[in-house]
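A look at the structure
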Amino acid sequence: MVVSVTGPPTTAFPGDPFPVTAVVKNVGTEAAPASTTSFYLVNTSTGVKKNLKGGQNVAPLAPNATVGPTVTISVYSDTLAGTYKMQACADGPKTFTEAVESNNCTDAAGTITVVDVPNLVVSSIGNPPAAAPLGGPIKLTSQVKNLGNVQAGASHTKYFLVPTDGSARKDLKGGTDVPALSKGQAFSILETLTVFEDSTPGTYRAQACADGGNAVKETNEDDNCMTSSGTIHVTGKPDLTIQTVSVKNAPLSVARGGSLTITIDPKNLGEGDAAATTAKFLLVSTTVGGPAPKNLNGTQAVAALRSGAGTTYTKIVTVFNDTAAGEYVVQACADSLDIIDEASELNNCTNSAGKVTVTVP
């Protein structure tokens, strides 16, 4: 039985924790196994009993032995406003049979008043656009409503991407500052958010969560969020490559200072669109231990390429006068200035099949 229990605080919000010490005694003639003390709120007007969150672990007790560890318990977030007595009950889960089952519980002195609080929910959310790139904007409409009986203070709505495969959700950049809302009042807004660059490409639903910063005490902290029915595909990064490099009339010989006519066909293999870039050309020695790669004089401006798009360019370049004599292939490299953040940075360059012999005039 509980022989004494400390009193609760005079007031508390739903969800608030507080410490309690219940002294449990084995008044029987046999040793008692380990048990758990449960705690309750008993409404002083209706007598309705409501669990408190948490319990007290009690070690095995010999006859007439007592124990009273202090524990922290909490008011459940869905506890109704009102005035309550607090009750502590030894062997609350009824895990073993006792000589007397009617003397387990004791009421604490005093009462605790659970204060009425609001309840913010996202009552509606629009569907996101069908697709957006990493780092791109998303326009999303949501409505926050106060379902509680009292005014809710100012709050902040957070937004997330929820993968359709059930993996962990990802924050969206941005949010909504929501003003104070009276009972039953709603607030709607069209918000522009941003997909974080480190998001994983894939298919998601959008989610809005009222009181994302947990600034408002609520009757229910588990109903803040709503997820869209429609999906959005977050596209991956662009991926530029040169598919083929051809040198007119190769194999051929060219003197230092001479020109080469080169045709390339850059393509964007990635999911994301690529902005305009520049391709460069180099001579790469075919001899092991030969000269280091040497730039050719001339670059090619490459127009913006949408996902899957390609194009073809022909460029006349010249061999620098300080190029070492020898046999080379021509290498073309997309995005030579590294201005594009790509899915792969390892496939930008491609070598020609035809060889070029540089001679000294």
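Relevant structure appears above.
Everything in this summary refers to the structure shown in the same document. Everything numeric in this text was worked out from a predicted model, so none of it was measured. (Residues numbered from 1 in each chain as written. Predicted model: local features only at pLDDT ≥ 70, side-chain atom pairs only at ≥ 80, totals over all residues. Heavy atoms only, no water.)

What to know about the pattern of salt bridges
Pairing between side chains of opposite charge can happen when the charged atoms of each approach one another. Here is the rule: Any Lys or Arg side-chain nitrogen found within 4 Å of a carboxyl oxygen on Asp or Glu counts as a salt bridge. Labels follow the DSSP assignment, with helices taken as runs of H or I lasting at least four residues and strands as runs of E lasting at least two, numbered in each case from the N terminus. Residue burial is assigned from relative accessible area. The probe radius is 1.4 Å, only protein chains are included, and a residue is buried under 20% of its type maximum, exposed over 50%, and partly exposed in between.
On inspection of all chains with the given rule, the structure shows eight salt bridges. Residue Arg306 pairs with Asp273 through a salt bridge whose shortest N-O separation is 3.6 Å. Of this pair, Arg306 sits in the loop between β23 (294–302) and β24 (313–318) while Asp273 sits in the loop between β21 (259–268) and β22 (277–285), placing them 33 residues apart in sequence. Asp273 sits in the partly exposed class, given a relative accessible area of 43%. Notably, a salt bridge pairs Asp322 with Lys294, separated by 3.0 Å at the nearest N-O pair. Of the two residues, Asp322 sits in the loop between β24 and β25 (326–333) while Lys294 sits in strand β23, which places them 28 residues apart along the sequence. Given a relative accessible area of 23%, Lys294 falls into the partly exposed group.

Things to note about the layout of surface pockets
Condition: Points on a 1 Å grid, built from protein atoms alone, make a cavity when a 1.4 Å probe fits but cannot get out and make a pocket when they are open with protein on both sides within 12 Å along at least 5 of 7 lines; residues with an atom within 4 Å of a point are the lining residues. Grid points are joined across faces, edges and corners, and a volume is the space filled by probe spheres set on the points. The classification used treats Ala, Val, Leu, Ile, Met, Phe, Trp, Tyr, Cys and Pro as nonpolar, Asp, Glu, Lys and Arg as charged, and all other residues, Gly among them, as polar.
Looking at the largest pocket, its volume works out to about 380 Å³. Lining the largest pocket are 24 residues; nearest its centre among them are Asn26, Gly28, Ala32, Phe96 and Glu98. When its residues are assigned to classes, the lining of the largest pocket shows 13 nonpolar, seven polar and four charged. Quantified by volume, the second largest pocket comes out at close to 190 Å³.

Some details on the side chain of Thr79
Rule in force here: Within 3.5 Å is the distance limit for a polar contact, defined as a pair of N or O atoms, with the added protein rule that one can donate a hydrogen and the other accept it, and that residues adjacent in sequence qualify only through two side-chain atoms.
Looking at the secondary structure, you find Thr79 in the loop between β7 (70–75) and β8 (82–89). Thr79 gets classed as buried once you look at its relative accessible area, which sits at 3%. Engagement of the side chain of Thr79 in a polar contact is seen with the backbone oxygen of Tyr76, the distance being 2.8 Å.

What about the environment of Asn268?
Using the following cut-off: Any two residues whose heavy atoms approach within 4.5 Å at even a single point are treated as in contact.
Here Asn268 is to be found in strand β21. Its relative accessible area of 0% is what places Asn268 among the buried residues. Linking Asn268 and Ser229, residues 39 residues apart in sequence, is a C-alpha distance of 32 Å. Setting aside anything within four residues of it in sequence, one finds Asn268 in contact with Pro238, Asp239, Leu240, Asp273, Ala274, Leu305, Arg306, Ser307, Gly308 and Ala309. Within the local environment of Asn268, its side chain forms a polar contact with the backbone oxygen of Arg306, the two atoms lying 3.4 Å apart.

A word on the sheet that holds strand β11 (residues 120–125)
The following threshold applies: Following DSSP output, two strands are said to pair if at least two bridges run between them. Between N-to-C directions, angles span 0 to 180 degrees; the directions come from axes that are lines fitted to C-alpha atoms, helices contributing only their stretch in contact.
Spatially, eight strands are ordered β11-β13-β16-β15-β14-β17-β18-β12 in an open sheet, and the strand pairing comes out mixed. The open sheet terminates on both sides in strands that have one partner only, identified here as β11 and β12 (131–133). Strand-to-strand twist of the sheet, defined as the mean angle between neighbouring strand axes without regard to direction, takes the value 35 degrees. Two strands pair when backbone bridges link them, and strand β17 (residues 202–209) and strand β18 (residues 225–235) are joined in this way by seven bridges, in the antiparallel orientation. From the neighbouring strand, Tyr204 faces β18, where its bridge partner is Ile232.

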